[in-house]
Each structure stands twice: as structure tokens, then as C-alpha cells.
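The primary structure of each chain is shown beneath.
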Amino acid sequence: MALCGGVGAMALPSELIVHIFSFLSDRDKLRASTVCSRWRECLFYPALWTELKLRIGGGCNGGGSSSEETPKLDFLMRKFGSFVRELQLELAPVEGYLSPLSSDPSSARMDQPDSDPQLSERWRDAMATYLEQVLCVFSSIRNNRNLRKLSMYGDTCVLQQEGLLDRSNLHQIHQGDKKINEIQQLFMELLSNGRQLRWLSCSFMLGLVTPCSVASLSNPSAETLQHLSLLDHQLGPLISPSELDRLSNLHSLAVDFADLTSELCGLLASPHRTPLHRLSLLLNGAALEFKPLEGTATEDDWKALIRASANLRVYIMALEVDSSELLRVLKPSLPLERLHLDSYSTLVTDATLELISQQYNKTLTHFLLLRDDPDFPDLNVNRNEDPLVLLSWRCTQLAVLVIHGYTVWSHNLVAISRLRGSSLRVLTVSEESIDFDPDQSVGVEGDPVHNLVKEVSLGLGRVWHPCLDSSLVLSEPTQHFHRELQAFSAGM
């Protein structure tokens, strides 16, 4: 509609301006709010902020430090926290800190904050900022009775020792213990006040979730909750069977693998519950010493669960888990759809891949095999019987294959592309992982890399190139798991 004469955009009715602004991103809305008071009034209309997605930095992505972003977070939460319907918050890892899995094999162990004065000061600043931001969020949403979706991912390396998050050094932070207790109380207050919570996801939020948290969930929210994700590096389970029993309408669940006991699995198989559709499990090898696999779901438990939930699909991420432990975990009846094996130095054997390709040939769609180590071992003794080729042949539903840290021979990569064709939507192989067998190159003219790219592209039916930057393949694993399980569970 053309505007007549001297009539400009300021003459538009507020309802129309609000509708136009609804197409902007959160960042662009905030920028537009600085133009004039009229726009600011329209941009802070509650209907524009029913969904809020925030990622607080840590020096990442070229942004400022976490402490510099706290005022922005405080402003947004004060404005919209009381009525927002969907809140997604990521507290990005603090720059310079080690994650549970990074490029250093010793990173499963973080030095004590006292070991380096400079590190000690940075550690305290990072921890204090973390506590401040989490308090800011929950102080603002504590009384929000209409919150439907809460998804939070925290920094897994703010306080980490021996591969496990720990609260033993919080006394070094000014009022650290008091603030953690306040955060826990605010979280339970939010759960008790909610009336229609459908999605609750808390991944590695240090000190937020306790074994008593879910018990605070109101009865109305216990009826409406469809997705629950409770992941942390704590020693004990974060949900008891009695608390899970209240959540009878869950469609998807994400927990630590060691917490999926026979009792919990039996409860999920109850005929009085809504069938479970998605189950995401994190198996952390660094925690197995403290959280052993004894008592976890047996083959019979999985069979019973499948009888009750015929459409169930499972996503497993295994971090630094050796093949002997994997063989204990990968039960034949487990309906495995996605498997992500990630490590520094732990090797996956060809026998393990053989087992995976045989047991899950009808269900496996995503397979990620990543290893961050300067050595690139060969998965097989005979280069012409590559277990990855056999897996691609047997797993007829395979759509995503990602490989780094193991040698993949070029002729086997061509075979994989031809076996799966266009049904293999994602084939990501780092350039470092690809090797060329001289015996297979006899009689082949031209550059071997160019020939490989050509042959794989023909096999897939689209243009393909190896991944030149391994950092694009090796993401922070717990953050990757958090994001993938969100998509996995939302795609029910």
C-alpha cells in the first residue's frame, strides 16, 4: 500500500508496526528500539517476545566477555521474563577454559584454581559471572505461570575437576554457596508456579538441578510435560522413579546413561503411560568410575520398553568410552537411531563397528565417529574389508556419516558413496583422515584428490568435497549433544 503525500511510516497504526516488527530477529528488534520512542513502545509489546533465544558469550564468536553481556541479559529478562512463553538460553563456554573433551588428552582433568594466580582470578571471575547470570534469569521468570518451554545449556568447564563438575570450591567466590542455594530455590519456585510447562531441558547448568528439583514440579505441569532433559556431571541421578512416575505424558527423555536403571526402564514401559518416542542418553567414560553401568537397563528391559513404545528411537553419545564398555551398552533390542562416538585417545575397534552394523542395520540413520588425536589409526587390517563400508552397506537407513581421526582409504570412501548414493544426505570426512592406497591408484591418471572428489560426487549425485578444517567437524561434544537432542526430540 503506497503512503500518500507527507504521510510517513510514523502514521501507521501501532498494530501494523507491531506486525511488521514481528518478522525481525531479537537482535534486530533491540536495534530498532533505539530509533525513536514510538518504535520502542511498539517493539516492547509483549506479543513480540513470547519466544526468546539468547546466547551469552564468553569471548566467543567475536563477542564481548560474559560479564559485559550481563546488563543486556538483565534488561531483557526484566522486560520479558514474566510473560515469555519459550525461553532458550545458552551460557557459552568461557574463553580459555578446557571442556570435558578438548584438544588436550589431559583435559579430563583441570588444574586447581590455586595452581596459577592468573588462572585463579579468571576462574573466580568466570564463576561469579555464571552465578550472576543464572540468578538474573531465574529471578525474572520465577513467577511466570505460562512458561511452556525452558531450554538451558551451561558452561561445562567453569568448575571442573577429574572430569566431573564439583561445588567444593564455591567458597572461593563471594557468597558462592549462598547464590547457588538461591538459584536452586528459584528454579524449584519456577517449577512449582508453572501451570503448562511442556518442555524442560537443563544441560550442564552447574548447581541448578538437584535430586529434589523435579519433585517441585506442579501437578498441572506434571500432566502437560512432554519433554524432559536433565544432564549434568553429578554423581547421583537427578530424577527418581517416583518423580518420573508423575510425568505420565512424556514423549521424550534425555538422561545420563548410568541413570537409566532397570527400575526406571520398567517404569517407562508401564502400559498406563504415554508411549515414549525419543530417548537420548549420554555415556561419559570419565564418570564410569563413579557411576558404573551395573544396574542399568538389561536386554529384557529394552524388550519390554519396545513392546510398550513401538515407535521409540534412541540417540546415544559416548564420550571417551572404550569398546569393552560399548559392547556392554549396545544391547541387541536397543532401537538405536543415532550414535556419536567421540574421544581423544580411546580407540573404537573394527569388532565394535561390526556389531553396530549388524544389530542396528534397520534403525541406524546417524553415525558420527570422531577422535581428536594426532594419530589416525586404520580401522581394519584388510583395506578391502573396511568396517565403515560394511556399515554403509548393511545400514539401509543411514543418512548421516561423519568421520575424523581414523584413516579412511579413498577407494573405500568411493564405495561408501556408491552404496548409499543420494540417500546419504551428509557425508563429512576431514581431509586429514583420507589416505590413498598406491595399489589402488595403478592405472589411474591425474591428481588423486581430484579423482576422489569426482568419484564421490558421482556416487552421491551431488557435489562433494572433503572437510578442509577439522575444527568444523570437532565441535564441543556436550554442546553438540545438547543441540542435537533438542532437534531429535522436537522431530517426533
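Coordinates for the structure precede this section.
Now for a quick tour of the structure. (Residues numbered from 1 in each chain as written. Predicted model: local features only at pLDDT ≥ 70, side-chain atom pairs only at ≥ 80, totals over all residues. Heavy atoms only, no water.)

1. Observations regarding the overall build of the protein chain
Stage number 1. Looking only at helices and strands, the protein chain features 16 helices and 16 strands.
Stage number 2. The buried share of the protein chain, reckoned over its 492 residues, is 54%.
Stage number 3. Taking the contacts inside the protein chain whose residues are at least 6 apart along the sequence as the reference set, 79% of them involve residues at least 24 apart.
Stage number 4. Surface accessibility of the protein chain: about 21600 Å² in total, with carbon and sulfur atoms responsible for 51%. (Helix = DSSP H or I, 4+ residues; strand = E, 2+ residues; numbered from the N terminus. Buried < 20%, exposed > 50% of the residue type's maximum accessible area, 1.4 Å probe, protein only. Contact = heavy atoms within 4.5 Å. Areas by Shrake-Rupley, 256 points an atom, 1.4 Å probe, with all protein chains shown as cover.)

2. Describing the environment of Leu73
Stage number 1. Residue position: Leu73 is located in helix α4 (residues 66–80).
Stage number 2. The exposure class of Leu73 is buried, given its relative accessible area of 1%.
Stage number 3. Residue contacts for Leu73: discarding those within four places in its chain leaves Leu54, Ile56, Leu89, Gln133, Cys136 and Val137.

3. What about the nonpolar core?
Stage number 1. Counting residues in each nonpolar core, the largest one holds 118 residues, and the members touching the most others are Phe138 and Phe367.
Stage number 2. Per-element accounting of this core gives the leading share, ten residues, to helix α5 (residues 117–141).
Stage number 3. If we skip the residues at most four places from it in the chain, Phe367 touches Leu339, Leu341, Leu353, Ile356, Leu388, Leu391, Leu398, Val400, Leu401 and Val402.
Stage number 4. Membership of the second largest hydrophobic core comes to eleven residues, among which are Ala254, Tyr315, Met317 and Phe488. (Core = buried A, V, L, I, M, F, W, Y, C linked by side-chain atoms within 4.5 Å.)

4. Quick word on the side chain of Asp386
Stage number 1. Structurally, the position occupied by Asp386 is in the loop between β12 (366–371) and α13 (387–394).
Stage number 2. Side chain to side chain, Asp386 and Asn412 meet in a polar contact 3.3 Å long.
Stage number 3. Beyond its immediate sequence surroundings of up to four residues, Asp386 is in contact with Asn380 and Asn412. (Polar contact = N/O pair within 3.5 Å; in protein donor to acceptor, adjacent residues only side chain to side chain.)

5. With respect to the side chain of Asn284
Stage number 1. Position of Asn284 relative to the elements: it lies in strand β9 (residues 278–284).
Stage number 2. Looking at Asn284, its side chain comes within polar contact range of the main-chain nitrogen of Ala286, at 3.0 Å.

6. A short note on the packing of aromatic side chains
Stage number 1. Under the defined criterion, the tally for this structure stands at five aromatic pairs.
Stage number 2. Residues Phe80 and Phe83 carry aromatic rings whose centres are separated by 5.9 Å and whose planes lie at 75 degrees to one another, so their mutual orientation is edge-to-face.
Stage number 3. Classification of Phe80 by relative accessible area gives buried; the value is 1%.
Stage number 4. For Phe83, a relative accessible area of 23% puts it in the partly exposed group.
Stage number 5. Ring pairs connect the aromatic residues Tyr315, Phe481 and Phe488, which therefore count as one cluster. (Phe/Tyr/Trp six-rings, centres within 6.5 Å; stacked < 30°, edge-to-face > 60°.)

7. Side note on unusual backbone geometry
Peptide bonds are mostly trans, and most non-glycine residues show a negative phi.
Stage number 1. Phi is positive for Phe204, which is not a glycine, with a value near 60 degrees.
Stage number 2. Inspection of the secondary structure puts Phe204 in the loop between β6 (199–203) and α7 (219–224).
Stage number 3. Residue Phe204 is classed as buried on the basis of its relative accessible area, which comes to 0%.
Stage number 4. Residues other than glycine seldom take positive phi values, yet Glu320 does so here, at roughly 55 degrees.
Stage number 5. By the secondary structure assignment, Glu320 is in the loop between β10 (313–319) and α11 (323–329).
Stage number 6. By relative accessible area, which is 21% here, Glu320 ends up partly exposed.

8. Section: helix α1 (residues 14–21)
Stage number 1. Buried residues of α1: Ile17, Val18 and Phe21, and no others. Projection of α1 onto a plane perpendicular to its axis shows the buried side chains occupying an angular sector of 100 degrees, all on one side. (Arc of directions from axis to C-beta.)

9. Structural notes on helix α10 (residues 299–308)
Stage number 1. Every buried residue belonging to α10 is among Glu299, Asp301, Trp302 and Leu305, and all of these are buried. The arc that holds every buried residue of α10, seen down its axis, measures 155 degrees, which confines them to one face. Facing away from the buried side of α10 by over 90 degrees, the exposed positions are Asp300 and Arg307.
Stage number 2. Elements that come into contact with the buried residues of α10 comprise α9 (262–268), β9 and β10.

10. Topic: the environment of Ser357
Stage number 1. Mapped onto the secondary structure, Ser357 falls in helix α12 (residues 350–359).
Stage number 2. It is 8.4 Å that separates the C-alpha atoms of Ser357 and Pro387, two residues lying 30 residues apart in sequence.

11. Examining the sheet that holds strand β11 (residues 336–343)
Stage number 1. Here we have twelve strands laid out as an open sheet, ordered β1-β2-β3-β6-β7-β8-β9-β10-β11-β12-β13-β15, and parallel in their pairing. One side of each edge strand has no neighbouring strand; the edge strands of this open sheet are β1 (51–56) and β15 (426–429). For this sheet the average axis-to-axis angle between neighbouring strands, irrespective of direction, equals 5 degrees.
Stage number 2. In this sheet, β6 lies alongside strand β3 (residues 149–153) in parallel orientation, the contact comprising five bridges. By the bridge assignment, Ser151 is partnered in β6 with Ser201.
Stage number 3. Sitting on the sheet, helix α16 (residues 477–490) touches β1, β2 (86–91), β3, β6, β7 (227–231), β8 (252–256), β9, β10, β11 and β12, and the angle it makes with β10 is about 180 degrees. (Pairing = 2+ DSSP bridges. Axes fitted to C-alpha atoms, helices over the stretch in contact; angles between N-to-C directions.)

12. Quick notes on the packing of α12 against α13
Stage number 1. Across the interface, α12 lies against α13 with an axial gap of 9 Å and an inter-helix angle of 5 degrees. Relative to α13, the element α12 is oriented roughly parallel. Every residue of α13 that contacts α12 at Asp350, Leu353, Glu354, Ile356, Ser357 and Gln358 is listed here: Pro387, Leu388, Leu390, Leu391 and Arg394.
Stage number 2. Among the residues making up the contact of α12 with α13, the classes are represented as six nonpolar, two polar and three charged. (Parallel < 35°, antiparallel > 145°, perpendicular 65-115°, else oblique. Nonpolar A, V, L, I, M, F, W, Y, C, P; charged D, E, K, R; others polar.)

13. Observations concerning the pairing of β6
Stage number 1. Burial analysis of β6 places five of its five residues in the buried class, the great majority of the element.
Stage number 2. Of the two faces of β6, both are covered, the one formed by Trp199, Ser201 and Ser203 as well as the one formed by Leu200 and Cys202.
Stage number 3. Note that β6 and β7 share five bridges and pair parallel. In the strand pairing of β7, Cys202 is matched with Leu230.
Stage number 4. Taking the sense of rotation as the criterion, the β-α-β connection linking β6, α7 and β7 turns out right-handed. (Right-handed = clockwise from strand over helix to strand, strands pointing away.)

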